Each structure stands twice: as structure tokens, then as C-alpha cells.
Amino acid sequence: MSDATSSTGTTGTTTEGQNPGFDDLTRDIADVPAVEVITTVAVHLMSAAAVNLGLAEGGEDQKDLDEARKLIQALAGLITASATEISSFHAAPLRDGLKSLQLAFREASVVPDEPGQGPGEKYTGPVYG
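Residues numbered from 1 in each chain as written. Predicted model: local features only at pLDDT ≥ 70, side-chain atom pairs only at ≥ 80, totals over all residues. Heavy atoms only, no water.

Draft legend 1. Focus on the overall build of the chain. Counting its regular elements, the chain contains five helices and two strands. Per element, the accessible surface of the chain, about 8200 Å² overall, is 53% carbon and sulfur. (Helix = DSSP H or I, 4+ residues; strand = E, 2+ residues; numbered from the N terminus. Areas by Shrake-Rupley, 256 points an atom, 1.4 Å probe, with all protein chains shown as cover.)

This is the structure we're talking about:
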């Protein structure tokens, strides 16, 4: 037998080769504050966009601007829609990260979009470097 400990400190006992119970390893989603869910999703979108912009280790091998565009667009929509709900304290750094990704996208593009036409700019307005 082995013991598995979840992020909340609860322990589930399993037998060899079995996964511990889902309830033992995850917090009840109802207990997670909305601001935490929103910021976590935003950080995942930012990370995925950065990888697709070639900003991660091994950069050029991972570069896919079409995928990056989709991720940045989704991130911009999420941040814009949730900004009033999550407060400036949480929204401001997310906006800064979004702007950095938008500028990186513009720099990475062989033929840059017109101002206001880049990923997410329909939500944020034109982004200038």
C-alpha cells in the first residue's frame, strides 16, 4: 500500500497500480474562490501563448503564431470580461502580461497586423510598443 497526499493535505490510501480517489486529490471546486479560478486560467493561457510565440526554452521549435493568436484572443476576452469582478489588484498584472504577449506577437509576425487588428486588440484597443 502507498499513501498519496493532496494539495489540501488530505491523505488517500491506494493499492499498488490504482489511482487514489479523485475526491482525495482535488479540492471541491465550490471551495475555490472565483478570482483564483480566473487568474489560474489566465496564467495558463499566458504560458501557452508564450510557448507558441517561441518565448520558452527551445523557442523556435515550439513557435506557432496561429495558436498564439487564438490563445491571446481568449486571454484578452477573459481579462476584459472579468476585470471588474476580480479587482484592479488582480487585473492589472494580467493586463500587463497580455500587453507583453501582444507586443511579442507583433514582433514575431512577418507581416504585422494593422494597429487594432492584432490578437485581443478588439478587446484592449491598439497596442503600441
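More follows now that the structure is in view.
Draft legend 2. How the structure looks around the side chain of Gln102. Here Gln102 is to be found in helix H4 (residues 65-108). Its relative accessible area of 3% is what places Gln102 among the buried residues. Those residues within four positions of Gln102 in sequence are excluded, and the remaining contacts are Ile72, Pro119, Gly120, Glu121, Thr124 and Val127. (Buried < 20%, exposed > 50% of the residue type's maximum accessible area, 1.4 Å probe, protein only. Contact = heavy atoms within 4.5 Å.)

Draft legend 3. Representation of the pattern of salt bridges. Throughout the structure, instances matching the rule amount to five salt bridges. Note that Lys70 is salt-bridged to Asp66, the shortest N-O span being 3.3 Å. A residue pair is termed a helical-turn pair when its members lie 3 or 4 positions apart in one helix, as Lys70 and Asp66 do in helix H4 at four residues. Judged by its relative accessible area of 47%, Lys70 is partly exposed. Its relative accessible area of 46% is what places Asp66 among the partly exposed residues. We note a salt bridge from Lys70 to Glu67, for which the minimum N-O separation is 3.5 Å. A residue pair is termed a helical-turn pair when its members lie 3 or 4 positions apart in one helix, as Lys70 and Glu67 do in helix H4 at three residues. (Salt bridge = Lys/Arg side-chain N within 4 Å of Asp/Glu carboxyl O.)

Draft legend 4. Layout of the environment of Asp61. Residue position: Asp61 is located in helix H3 (residues 59-62). Sequence separation of Asp61 and Val51 is 10 residues, and the distance between their C-alpha atoms is 9.6 Å.

Draft legend 5. Representation of the nonpolar core. Counting 21 residues, the largest nonpolar core has Leu53, Ile72, Leu75 and Leu101 as its most contacted members. Tallying contributions element by element places H4 first for this core, with 14 residues. Sequence-distant contacts of Leu75, defined by excluding residues within four places in its chain, comprise Ala42, Leu45, Met46, Leu98 and Leu101. (Core = buried A, V, L, I, M, F, W, Y, C linked by side-chain atoms within 4.5 Å.)

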